[in-house]
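Coordinate analysis (summary)
Here are the chains, one letter per residue:
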Amino acid sequence: MAKQPSRIREFFRKRLVALKRRPQMIALAVLALAFVYYSFNLSSIANTTALINGPHMGLSSFAVMLLSVLSLVCFLNAFPHRKKAVIPMVVLTFVMLAILIFCDYYYDGRIVAALTRAESPIVPTGKNAFVAVTRQVVSVHRILLIIGAALFALLPVYSRLLRKINTSIEVEENKNMGTIDISGEDA
């Protein structure tokens, strides 16, 4: 009788097989994590925008939310099931990710300008502690976007590496089978 693999091992083997079939899910998970992280901290971002009221800060945070959703939609449309990647959607996703990273840099620059200005600088402590939180959120979001874009760009490399991992199950009964006579002659 064949030895059955443990449930935990079988669980991870099935997940690895799913990743081998759709390796783009790794980059998608990172980009989705960046969107969710930014969305959960949107109240401190809105408070910072209202407090500083720098040029185009509201537009920048709006563009980040809009382009985050649209980049996820383009990413999902770039890889249809069992078909080749759609190149225009891949390019559009990269363009949106570049704009997202630029918007994060711009927003962070507006925060730094408000903190270091000569006339009545904003102190990010006490009742304005959300400014420091927002700066951290924007920085982490930018890092997650860069990691997601790098994973998306390196998709051909690590998909080949994932395919090389052996996920087959060895069944003992298959090894002991004799040769099968397919000649059709009765012996």
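Okay, so let's go over this structure. (Residues numbered from 1 in each chain as written. Predicted model: local features only at pLDDT ≥ 70, side-chain atom pairs only at ≥ 80, totals over all residues. Heavy atoms only, no water.)

Remarks on the overall build of the protein chain
Put simply, the rule reads: Under the DSSP-based scheme used, a helix requires at least four consecutive residues in state H or I and a strand at least two consecutive residues in state E, with every element numbered from the N terminus. Residue exposure (1.4 Å probe, protein chains only): buried if accessible area is under 20% of the type maximum, exposed if over 50%, otherwise partly exposed. Whether two residues touch is decided by their heavy atoms; if any such pair falls within 4.5 Å, the residues are in contact. Areas reported as accessible are Shrake-Rupley estimates using a 1.4 Å probe. Residue values count occlusion only from the protein chains shown.
Within the protein chain, the regular secondary structure consists of 8 helices and 0 strands. When the helices and strands of the protein chain are read in sequence order from the N terminus, they spell out α-α-α-α-α-α-α-α. A total of 187 residues make up the protein chain; the buried ones form 33% of that total. Partitioning the intrachain contacts of the protein chain with sequence separation of at least 6 by distance along the chain shows that 78% fall at a separation of at least 24. Surface accessibility of the protein chain: about 12500 Å² in total, with carbon and sulfur atoms responsible for 65%.

Quick word on a nonpolar patch on the surface
Applied cut-off: The patches described consist of residues with a relative accessible area above 30% and no salt bridge, like charges being joined within 9 Å and nonpolar side chains (Val, Leu, Ile, Met, Phe, Trp, Tyr) within 5 Å. Put simply, a salt bridge is a Lys or Arg side-chain nitrogen that is within 4 Å of an Asp or Glu carboxyl oxygen.
Taken together, the side chains of Leu 59, Phe 62, Leu 66 and Leu 70 make up a nonpolar region of the molecular surface, amounting to roughly 390 Å² of accessible area. When you line up the elements, Leu 59 lands in helix H4 (residues 57–78).

Observations regarding helix H3 (residues 42–52)
Since there are 3.6 residues in each turn of an α-helix, residues three or four apart along the chain are aligned in direction. Operational definition: It is the directions from the helix axis to the C-beta atoms that the arc portrays.
Listed in full, the buried residues belonging to H3 are Ser 44, Ile 45, Thr 48, Thr 49 and Ile 52. Along H3, the residues classed as buried sweep out an arc of 140 degrees about the axis, all on the same side. Seen from the buried face of H3, the exposed residues on the opposite side, beyond 90 degrees, are Ser 43 and Ala 50. Where the residues of H3 are buried, they touch helix H2 (24–40), H4, helix H5 (87–116) and helix H6 (129–153).

Some thoughts on the side chain of Ser 44
In plain terms, the rule: Any pair of nitrogen or oxygen atoms within 3.5 Å is treated as a polar contact; in protein, a donor-acceptor pairing is required on top of that, and neighbouring residues in sequence qualify only through side-chain atoms on both sides.
Following the sequence through the fold, Ser 44 ends up in helix H3. For Ser 44, a relative accessible area of 9% gives the class buried. Within the local environment of Ser 44, its side chain forms a polar contact with the backbone oxygen of Asn 41, the two atoms lying 3.0 Å apart.

Observations concerning H5
What counts here: By definition here, a helix of n residues has an expected span of 1.5 Å times n minus one.
Helix length check: H5 (30 residues) gives 44 Å between terminal C-alpha atoms against 44 Å at 1.5 Å per residue, within 8%. Taken as a whole, H5 has its buried residues at Val 90, Thr 93, Met 96, Leu 97, Leu 100, Ile 101, Cys 103, Asp 104, Tyr 107, Asp 108, Ile 111 and Ala 114. Against H2, H3, H4 and H6 lie the buried residues of H5.

Digging into the packing of aromatic side chains
Our working definition: Between rings of Phe, Tyr and Trp, where Trp is taken as its six-membered ring, a pair exists when centres lie within 6.5 Å; planes separated by under 30 degrees are stacked, by over 60 edge-to-face, and by other angles tilted. Remark: a charge is flagged as sitting over a ring if the NZ atom of Lys or the CZ atom of Arg is within 6 Å of the ring centre and within 35 degrees of the ring normal.
In the structure shown here, the tally under the stated rule is 6 aromatic pairs. Ring centres of Phe 11 and Phe 12 lie 5.5 Å apart, and the angle between their planes is 75 degrees; this geometry places the pair in the edge-to-face category. An aromatic cluster is defined as three or more aromatic residues linked by ring pairs; in this entry it consists of Phe 75, Phe 79, Phe 94 and Phe 152. A cation over a ring is seen here: Arg 142 above Tyr 105, with NZ or CZ 4.4 Å from the ring centre.

Section: the nonpolar core
Applicable threshold: To qualify as a nonpolar core, a set must consist of buried Ala, Val, Leu, Ile, Met, Phe, Trp, Tyr and Cys residues joined through side-chain atoms within 4.5 Å.
Counting 36 residues, the largest nonpolar core has Phe 75 and Leu 145 as its most contacted members. Listed by contribution, the elements that provide at least two residues to this core are H2, H3, H4, H5, H6 and helix H7 (155–163). With 9 residues, H5 is the largest single contributor of residues to this core. When residues no more than four places from it in sequence are discounted, the contact partners of Leu 145 are Leu 31, Ala 34, Leu 97, Leu 100, Ile 101 and Asp 104.

Comments concerning unusual backbone geometry
Within the chain, Asn 53 stands out as a residue other than glycine whose phi angle is a positive 50 degrees. Mapped onto the elements of the fold, Asn 53 is located in the loop between H3 and H4. The exposure class of Asn 53 is exposed, given its relative accessible area of 61%. At His 56, a position not held by glycine, the phi torsion is positive, near 65 degrees. Checked against the element boundaries, His 56 lands in the loop between H3 and H4. His 56 gets classed as exposed once you look at its relative accessible area, which sits at 54%.

Observations regarding the packing of H6 against H7
Here is the rule we go by: For helices, the fitted line uses only the C-alpha atoms of the stretch in contact; every axis is such a line through C-alpha atoms, and the angle between N-to-C directions lies from 0 to 180 degrees. Oblique is the label for any angle not under 35 degrees, not over 145, and not in the 65 to 115 range, which are roughly parallel, roughly antiparallel and roughly perpendicular in turn. Classes in brief: Ala, Val, Leu, Ile, Met, Phe, Trp, Tyr, Cys and Pro nonpolar; Asp, Glu, Lys and Arg charged; the others, Gly included, polar.
Viewed as axis vectors pointing N to C, H6 and H7 meet at an angle of 65 degrees, and their least axial separation amounts to 5 Å. Considering the angle they form, H6 stands roughly perpendicular to H7. Where H6 approaches H7, its residues Leu 151, Phe 152 and Ala 153 are matched on the opposing element by Leu 155, Pro 156 and Tyr 158. Within the contact of H6 with H7, the residues separate by chemical class into 6 nonpolar, no polar and no charged.

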